[in-house]
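# Residue-level structural notes
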Amino acid sequence: MGGNHTVASAYSVDSRVVILVPKTNHRSRGLFITFEGPEGSGKSTQIQLLSRALEARGLCVLATREPGGTHIGEQIRAIVLDTANTEMSPRAETLLYNAARAQIVDQVIMPALERGTHVLCDRYADSTLAYQGFGHGQSVAQLRQLGDYATNGLKPDITIYLDIAPEVGLRRKQTGDSEGWNRFEQLELAYHRAVHQGYLQLAQDEPERWQVVDAERDESVIHQDILARIKSLGLIS
Ligand code: TYD
């Protein structure tokens, strides 16, 4: 952790959430960087690595995740990822994701950006477009409207998309900790292929925001790639 920052608070609900507050006041708004990718794409590892790299350069960073990142959001996460909730209506599921999203935007993300902290978020509104839209066949246009409402129009400055073939990602997850196995990962490969194609479509539609990173490589190589892209965008030198 960089010497110019103090750890102001850490949510007990998620060890990945750490808020760093500058000792000096920053007037300019922070950057909002989201991470997207199919199952097993290694987002959380890359967020940790980028977070440390930015902190080492003296920047204030907040790393968080969706669904979750707030006390209310973590309660919603428990409901929406519960493998026992097999009867959940697809629209109810979509609204729950967006409810957690509205909460984290208002309570955590916007206040952090306004005080000059850079926010790294593991999944955001694009996950709903990829999973509920392209994956489950809900109207992407409607989901976009709902997402705009939930986020109050807050868009990421950059989205790092960790691209991995669904077969490879699922295999990675299966060999990992079985406690991390949720009801989505139990769905068939065809669904994950649709999600993957959806992500590629979203990236193609907005190339200025999306950075497509090959995630089938060594984690340190992926980290260097992400860092180089962040540098080339002028965010760090
Ligand atoms: P998680 O265990 O955090 O998985 P991952 O490490 O892959 O992010 O579970 C999040 C799951 O929720 C994941 O399968 C994707 C799904 N999801 C949606 O379907 N829609 C959404 O809007 C979000 C944020 C997540």
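Per-chain numbering applies: the sequence of each chain, read as written, is numbered from 1 onward. Where local features are concerned, this predicted model is filtered to residues with pLDDT of at least 70; where side-chain atom pairs are given and counted, the filter is 80 or more; whole-chain, interface and lining totals use all residues.

Once that is clear, we can look at the overall build of the protein chain. A count of helices and strands for the protein chain gives 8 helices and 7 strands. C-beta atoms are placed from the backbone for every residue, and two residues are taken to be in contact when these atoms lie within 7 Å. At a minimum sequence separation of 6, the contacts of the protein chain that also span at least 24 residues come to 77%. Per the convention used, a helix needs a DSSP run of H or I reaching at least four residues, while a strand needs a run of E reaching at least two, with both numbered from the N terminus.

Before going further, it helps to spend a moment on helix 3 (residues 90–114). With 25 residues, helix 3 should cover 36 Å at 1.5 Å per step; its first-to-last C-alpha distance of 34 Å lies within 8% of that length. One axis fitted to the seven residues ending at a residue, another fitted to the seven starting there: the angle between these axes is the bend at that residue. Val 105 marks where helix 3 bends most, by close to 45 degrees. The inward-facing, buried residues of helix 3 abut strand 3 (32–36), strand 4 (61–65), helix 2 (71–80), strand 5 (118–122), helix 4 (125–135) and helix 5 (140–151). A positive phi of about 95 degrees marks Gly 116, the residue just after helix 3. By definition here, a helix of n residues has an expected span of 1.5 Å times n minus one.

Turning next to helix 7 (residues 189–205). For an α-helix, the turn length of 3.6 residues means that residues three or four places apart are oriented alike. For helix 7, spanning 17 residues, the distance from its first C-alpha to its last is 24 Å, which sits close to the expected 24 Å at 1.5 Å a residue. For helix 7, the full list of buried residues reads His 192, Val 195, His 196, Gly 198, Tyr 199 and Leu 202. Looking straight down helix 7, one finds its buried side chains confined to an arc of 160 degrees; they lie on one side. Exposed residues pointing more than 90 degrees away from the buried face of helix 7 are listed as Leu 189, Ala 190, Gln 204 and Asp 205. We call a residue exposed when 12 or fewer other C-beta atoms sit within 10 Å of its C-beta, buried when the count reaches 20 or more, and partly exposed for counts in between; the C-beta positions come from the backbone. The directions from the helix axis to the C-beta atoms are what the arc is built from.

Topologically, Ser 127 is positioned in helix 4. Here Ser 127 falls in the buried class, since 23 other C-beta atoms lie within 10 Å of it. Considered as a pair, Ser 127 and Gly 37 are 90 residues apart in the sequence and their alpha carbons are 8.1 Å apart.

Moving on to the pairing of strand 5. Among the 5 residues that make up strand 5, 5 are buried, leaving the element largely enclosed by the rest of the structure. The sheet contact formed by strand 3 and strand 5 spans 4 bridges and is parallel. Considered in strand 5, the bridge of Thr 34 is made with Cys 121. Direction of pairing for strand 4 relative to strand 5: parallel, over a ladder of 5 bridges. Looking across to strand 5, one finds that Arg 65 is bridged to Asp 122. Criterion used throughout: strands pair if DSSP finds at least two bridges between them.

Quick look at the nonpolar core now. Core analysis: the largest hydrophobic core is formed by 47 residues, its most contacted members being Ile 109, Val 119 and Leu 120. When residues of this core are assigned to their parent elements, the largest contribution, 8 residues, is made by helix 3. Those residues in contact with Val 119, other than ones at most four positions away along the chain, are Gly 30, Phe 32, Ile 33, Leu 62, Thr 64, Ile 109, Ala 112 and Leu 113. Nonpolar cores are built from buried Ala, Val, Leu, Ile, Met, Phe, Trp, Tyr and Cys residues. These are joined into a set through C-beta atoms within 7 Å.

This part covers the environment of Tyr 161. With respect to the helices and strands, the residue Tyr 161 is situated in strand 6 (residues 158–163). Judged by the 24 C-beta atoms lying within 10 Å of it, Tyr 161 is buried. Along the chain, Tyr 161 and Val 212 lie 51 residues apart, while their C-alpha atoms are 4.9 Å from each other. Setting aside residues no more than four positions away along its own chain, Tyr 161 makes contact with Glu 36, Gly 37, Tyr 199, Ala 203, Trp 210, Gln 211, Val 212 and Val 213.

Inspection of the secondary structure puts Cys 121 in strand 5. Judged by C-beta crowding, with 26 C-beta atoms within 10 Å, Cys 121 ranks as buried. The spacing of Cys 121 and Lys 43 is 78 residues in sequence and 9.6 Å in space, taken between C-alpha atoms. Ignoring anything within four residues of it in the chain, the contact list for Cys 121 reads Thr 34, Phe 35, Thr 64, Arg 65, Glu 66 and Ile 109.

Further remarks concern the pairing of strand 3. Most of strand 3 is tucked away, with 5 of its 5 residues classed as buried. Burial of strand 3 is two-sided: the residues Phe 32, Thr 34 and Glu 36 facing one way and the residues Ile 33 and Phe 35 facing the other way are all buried.

Once that is clear, we can look at the confidence of the model for the protein chain. Per-residue pLDDT for the protein chain has a mean of 87; in total, 83% of the residues score no lower than 70. As a per-residue quantity, pLDDT reports the predictor's confidence and falls between 0 and 100. Of the regions scoring below 50 in pLDDT, residues 1–26 engages in 48 contacts with residues more than four places distant in sequence or in other chains.

Right, let's get into unusual backbone geometry. Here the residue pair Glu 66 and Pro 67 is connected by a cis peptide bond, since its omega of -15 degrees sits within 30 degrees of zero. With respect to the helices and strands, Pro 67 occurs in the loop between strand 4 and helix 2. Its identity as a non-glycine residue notwithstanding, Arg 123 has a phi of 75 degrees, on the positive side. By the element assignment, Arg 123 lies in the loop between strand 5 and helix 4. Judged by local crowding, Arg 123 falls into the buried class, with 22 C-beta atoms found within 10 Å. A positive phi angle, near 60 degrees, is found at Asn 152, a position not held by glycine. Relative to the helices and strands, Asn 152 resides in the loop between helix 5 and strand 6.

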